[in-house]
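Coordinates in review
Residues per chain, in single letters:
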Amino acid sequence: MNWDIRLDKLNEECGVFGIFDNDGLDVAKLTYYGLYALQHRGQESAGIAVNNDGNIDYHKDMGLVPDIFSENVLNGLKGQIAIGHVRYSTTGASHRENAQPMVIKYKNGKMALAHNGNLVNAAEIRENLEESGTIFQSTIDSEVIANLISRYRVTNNNIEEAIEKMMGDIRGSYALVILTPRKLIGIRDPLGIRPLCIGRIDDSYVIASETCALDAVGARFIRDVLPGEMVIISEGGLTSIQTKVPDTTKLCIFEHVYFARPDSIIDGASVHSARKEAGKRLAIEHPVEADLVIGVPDSGLTAAIGYSEQSGIPYEQGLIKNRYVGRTFIQPDQQQRETGVKIKLNAIKSAVEGKRIVMIDDSIVRGTTTKRIVQMLKDAGAKEVHMRVSSSPIKHSCYFGIDTPSRKQLVAASHSVEEIRNIIGADSLGYLSMEGLLETPVGSKCSFCSACFDGCYPMEVPKEGNKFSCESNKQ
Ligand code: AMP
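Residues numbered from 1 in each chain as written. Predicted model: local features only at pLDDT ≥ 70, side-chain atom pairs only at ≥ 80, totals over all residues. Heavy atoms only, no water.

According to the stated counting rule, one finds 6 aromatic pairs in the structure shown. Pairing F254 with Y258 gives two aromatic rings, centres 5.8 Å apart and planes at 35 degrees, and the pair type is tilted. Here Y258 and F254 lie together in helix α9 (residues 253-259), a separation of 4 residues that amounts to about one turn. Note on F254: relative accessible area 5%, which makes it buried. Ring geometry for Y399 and Y457: centres 5.4 Å apart, planes at 70 degrees, overall edge-to-face. You can see Y399 sitting in the loop between β21 (384-389) and α15 (411-414) and its partner Y457 sitting in the segment after α18 (451-454), a full 58 residues away along the chain. A single burial state applies to Y399 and to Y457, both of which are buried. (Phe/Tyr/Trp six-rings, centres within 6.5 Å; stacked < 30°, edge-to-face > 60°. Helix = DSSP H or I, 4+ residues; strand = E, 2+ residues; numbered from the N terminus. Buried < 20%, exposed > 50% of the residue type's maximum accessible area, 1.4 Å probe, protein only.)

Here it is as structure tokens:
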């Protein structure tokens, strides 16, 4: 199989949203607010598709949600059902035609589809479909999914049956929302790798990647979509089909570490509490004598508060983030990334000068940003900088929807903790243990995929060090 195609488009970080209205709500506007709340899951493109009496109208473009949708555009999107999508992908796949939702017409009707996750066998399915004459217009997995549903729909009675067949073919992570002329359908992969939850506004239903999007539209949380579950919302209300699932679940632990918003609750565990717990455990595992605890905004802040509470070392704001700049990681090349950091973050000299600092961040990926921040603190007069990371060393690429670079670029894949300390220029460095990390999402109903840390992929993945045989993954 040609894994180069696969690797080129490896990892789309995305957020999905869907709404079925029974109360006369403005579905496009609510989807807009929902996507706004999910913007952290993808800043490259966004789109909304609305079912207008059997026709599917849509608008999608490159850019941030508020830049893409004007009041005028939203007013033109009227209907009873809507789905939306925000997306960020690696540069190779950064094209307008890859923006979602994907809207298609097929023999049995019309459908729009939005996907968060990454299929590990999409290239193989695509090749097979192309062999039989199928034309593809994008490089996204959603088009592969849409094609499979369309094919199975020809020989099956309803779309649910076609979707179940499609689910039997695809492997990987997926949280999907599908809009048909009469239904809103939400689907979560059999291992529950990516999150998906259900909410309600009066008699209307909402499906979203994270509960923070339910809050944004005033929806009451009902429950998470279960791993392998398909929920179907129609005039008659909500029904569900539970497909066959393995006896384990594998929610992505990186949702708790970095990706999700702290005000979200995933499978019963609060992201905020998980990050705070990680900080507390980090203080126990890696204590240090210091004057101040600071966090790297934004994803390191909650863990820093936990570290401070546990250690008794005062918490202080030592770094300020320019809130009008997007994630530096999103910049396409290294040089831009390095310049971006200077724009994004600055040290507060009066807070750190002459102090021994414990600096907390959620993760070190390449080490580039961390090195610059340590230097920034030293330039501002910090006496010592002790780096503490509220997750474990990232040694393996993700194939399931988090934008981690190839192993070559992961600093922990080829360096010891002491070598990394030296590279980033910190006075000491401590990472949270794997055991500690996996216990941080207190109350979680799911167990976790932690492959980026331990290489234990929950299914066969391309190339790099596939340790599918890890004990915890035997199904
Ligand atoms: P670096 O020192 O260059 O490895 O950057 C570390 C920073 O990257 C940390 O502040 C993390 O919060 C952040 N980070 C980790 N994973 C991602 C991701 N997938 N997208 C954007 N930023 C990330």
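Attention now moves to the site of the ligand. Surrounding the ligand, one finds 17 residues, the nearest of these being Y258, D361, D362, V365 and T370. Between the ligand and the protein, one listed contact pairs an oxygen atom with a side-chain N or O atom of S299 at 3.3 Å. In isolation the ligand has 510 Å² of accessible area, and contact with the protein removes 94% of it. At the level of secondary structure, the elements contributing two or more residues to the shell around the ligand comprise α9 and α14 (368-379). Sort the elements by how many residues they give to the shell around the ligand and α14 lands first, with 3 residues. (Near = heavy atom within 4 Å. Polar contact = N/O pair within 3.5 Å; in protein donor to acceptor, adjacent residues only side chain to side chain. Areas by Shrake-Rupley, 256 points an atom, 1.4 Å probe, with all protein chains shown as cover.)

A word on helix α11 (residues 301-311). When α11 is considered as a whole, its buried residues turn out to be T302, A303, A304, G306, Y307 and S308. Phi for G312, located one or two positions after α11, is positive at around 80 degrees.

To continue, consider empty space enclosed by the protein. Applying the stated criterion across every chain yields a total of 3 cavities of 30 Å³ or more. Lining the largest cavity are I193, C252, I253, F254, S397, C398, F400, I402, C449, A451, C452 and Y457. Among the secondary structure elements, those contributing two or more residues to the lining of the largest cavity are α9 and α18. Classifying every residue of the lining of the largest cavity gives 11 nonpolar, 1 polar and no charged. The wall of the second largest cavity is formed by H256, V257, A274, R275, A278, D362, S390, L437 and T440. (1 Å grid on protein atoms, 1.4 Å probe; cavity = no way out; pocket = protein on both sides within 12 Å on 5 of 7 lines; lining within 4 Å. Points joined across faces, edges and corners; volume = space filled by probe spheres on them. Nonpolar A, V, L, I, M, F, W, Y, C, P; charged D, E, K, R; others polar.)

With that settled, the discussion passes to the packing of helix α6 (residues 141-155) against helix α7 (residues 159-169). Contact geometry for α6 and α7: axes closest at 8 Å, N-to-C directions at 125 degrees. Judged by the inter-axis angle, α6 sits oblique to α7. Classified by chirality, the crossing of α7 by α6 is right-handed. In this structure, α6 contributes I145, L148, I149, Y152 and R153 to the contact, and α7 contributes I159, A162, I163, K165, M166 and D169. (Axes fitted to C-alpha atoms, helices over the stretch in contact; angles between N-to-C directions. Parallel < 35°, antiparallel > 145°, perpendicular 65-115°, else oblique. Left-handed = near helix turned anticlockwise from the far one by under 90°. Contact = heavy atoms within 4.5 Å.)

So, on to the sheet that holds strand β7 (residues 172-179). Pairing in this open sheet of 6 strands is antiparallel, and the strands run β5-β6-β7-β8-β12-β13 from one edge to the other. Whereas interior strands pair on both sides, the edge strands pair on one side only; in this sheet they are β5 (102-106) and β13 (237-242). Within the sheet, the average angular offset between the axes of one strand and its neighbour, ignoring direction, is 20 degrees. In this structure, strand β6 (residues 109-119) lies alongside β7, joined through 8 bridges in antiparallel fashion. Note that in β7 the partner of H115 across the bridge is L176. (Pairing = 2+ DSSP bridges.)

Quick look at the pattern of salt bridges now. Applying the stated criterion across every chain, the model contains 21 salt bridges. Here K29 makes a salt bridge to E71, at a shortest N to O gap of 2.6 Å. With K29 in helix α2 (residues 27-37) and E71 in helix α4 (residues 71-75), this pair connects stretches of sequence that are 42 residues apart. In this structure, the salt-bridge partner of R281 is E439, at a minimum N-O distance of 3.1 Å. Here the residue R281 occupies a position in helix α10 (residues 271-285), and E439 occupies one in the loop between α17 (434-438) and β23 (448-449), the gap between them amounting to 158 residues. (Salt bridge = Lys/Arg side-chain N within 4 Å of Asp/Glu carboxyl O.)

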